[in-house]
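One-letter residues, chain by chain:
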Amino acid sequence: MSIRLATSCGTCSSFTAAHMCSTHEVKVSDVYVCDQFSGDTETTKKIDCISCARHQQNDCKHPDIATHGVLCTSWAPKF
């Protein structure tokens, strides 16, 4: 598995809220990506604070600005 900085795991469909890759079944960081990155333009249009598992939670890194349309590297999918 080749991991590098690029389009991040945080926007990959295999990235879980527990920071696990469901494809490789390993713990990953939201800034990594591998050769099996899976994302599409429809998904990236829908990922913002409102769809983030951290929205209005204690682990939100930017609670003062977290709102519709805002996206950061700490985004995590809701499952």
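Conventions we followed
Residues numbered from 1 in each chain as written. Predicted model: local features only at pLDDT ≥ 70, side-chain atom pairs only at ≥ 80, totals over all residues. Heavy atoms only, no water. Helix = DSSP H or I, 4+ residues; strand = E, 2+ residues; numbered from the N terminus. Buried < 20%, exposed > 50% of the residue type's maximum accessible area, 1.4 Å probe, protein only. Contact = heavy atoms within 4.5 Å. Polar contact = N/O pair within 3.5 Å; in protein donor to acceptor, adjacent residues only side chain to side chain.

1. Some details on the overall build of the protein
Move 1: Scanning the protein for helices and strands turns up 1 helix and 4 strands.
Move 2: Start at the N end of the protein and walk to the C end: the helices and strands fall as β-β-β-β-α.
Move 3: Relative to its full complement of 79 residues, the protein shows a buried share of 33%.
Move 4: Long-range pairs, those at least 24 residues apart, make up 50% of the contacts in the protein with a sequence separation of at least 6.

2. A few points about the environment of Gln36
Move 1: Checked against the element boundaries, Gln36 lands in the loop between β4 (32–33) and α1 (41–46).
Move 2: On a C-alpha basis, the gap between Gln36 and His24 in space is 9.2 Å, while along the polypeptide they are 12 residues apart.
Move 3: Dropping the residues within four chain positions of it, Gln36 is found in contact with Thr23 and His24.
Move 4: At a separation of 2.6 Å, a polar atom in the side chain of Gln36 contacts the side chain of His24.

3. So, unusual backbone geometry
Move 1: With a phi angle near 60°, His19 is a residue other than glycine that sits in the positive phi range.
Move 2: In the Ramachandran plot, Gln56 falls in the positive-phi region, its phi being about 60° despite a non-glycine side chain.
Move 3: Relative to the assigned elements, Gln56 resides in the segment after α1.

4. A closer look at the environment of Lys27
Move 1: Note that Lys27 resides in strand β3 (residues 26–27).
Move 2: Classification of Lys27 as exposed rests on a relative accessible area of 62%.
Move 3: Reaching out from Lys27, the side chain makes a polar contact with the backbone oxygen of Ala18 at a distance of 3.2 Å.

5. Quick look at the side chain of Ser74
Move 1: Counting through the fold element by element, Ser74 comes out in the segment after α1.
Move 2: With relative accessibility at 7%, the residue Ser74 sits in the buried group.
Move 3: With residues near it in sequence (within four places) discarded, Ser74 still touches Asp30, Cys52, Arg54 and Lys61.

The quantities given are spatial measurements derived from coordinates; they are silent on function.
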